[in-house]
Amino acid sequence: KQWYQRRVRGFPSFTTGQQIVFVIIMEHVFLSIKFIIDRAIPDVPAWVQLASAKERYKRNRALKGLSTIMRTARLKGQLQKKAKQAKSRVENKNNSAVKENGAGEQIGTEQQSSRYKLE
């Protein structure tokens, strides 16, 4: 008998070539089963995905609240800056409206009301 026709104890009715083909087919069967199991069972459990989604939601809510606070603070700063500018304009206007006569007395208009409330 030639080497490819020898019989092995595990496969008494198969020749060497048939044994190789059988091993390759079984390998593909096992790889297919492994692939199916890999697809059927998720890598991350459902409870971990749920907890992660909750944390992401809380983080996004906190960041949204923080951005609202920052925007409010920025607007407040801009309003304060505009109020200071308006106050200085009113003071400059009042100072230029007041005139002195020859005796050093001030003759002028009373302080004009402004549309901005000055404190």
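Residues numbered from 1 in each chain as written. Predicted model: local features only at pLDDT ≥ 70, side-chain atom pairs only at ≥ 80, totals over all residues. Heavy atoms only, no water.

### Things to note about the overall build of the protein
And step 1. Helix and strand counts for the protein come out as two helices and two strands.
And step 2. Burial status across the protein gives 4% buried among its 119 residues.
And step 3. Considering only contacts in the protein between residues 6 or more positions apart, those separated by 24 or more positions represent 18%.
And step 4. Summed over all atoms, the accessible surface of the protein reaches about 11200 Å², with 59% contributed by carbon and sulfur. (Helix = DSSP H or I, 4+ residues; strand = E, 2+ residues; numbered from the N terminus. Buried < 20%, exposed > 50% of the residue type's maximum accessible area, 1.4 Å probe, protein only. Contact = heavy atoms within 4.5 Å. Areas by Shrake-Rupley, 256 points an atom, 1.4 Å probe, with all protein chains shown as cover.)

### With respect to the confidence of the model for the protein
And step 1. Residues of the protein with pLDDT of at least 70 account for 67%, and the chain-wide mean is 75.
And step 2. Looking over the protein, one finds the lowest element-wise mean pLDDT in strand β1 (residues 99-100), namely 50, and the highest in helix α1 (residues 16-40), namely 92. (pLDDT = per-residue confidence, 0-100.)

### A short note on a nonpolar patch on the surface
And step 1. There is a patch of nonpolar side chains on the surface, built from Val21, Ile25, Val29, Phe30, Ile33, Ile37 and Ile41 and spanning about 650 Å² of accessible area.
And step 2. By the element assignment, isoleucine 25 lies in helix α1.
And step 3. For isoleucine 25, a relative accessible area of 49% corresponds to the partly exposed category. (Patch = residues over 30% accessible without salt bridge, like charges linked within 9 Å, V, L, I, M, F, W, Y side chains within 5 Å. Salt bridge = Lys/Arg side-chain N within 4 Å of Asp/Glu carboxyl O.)

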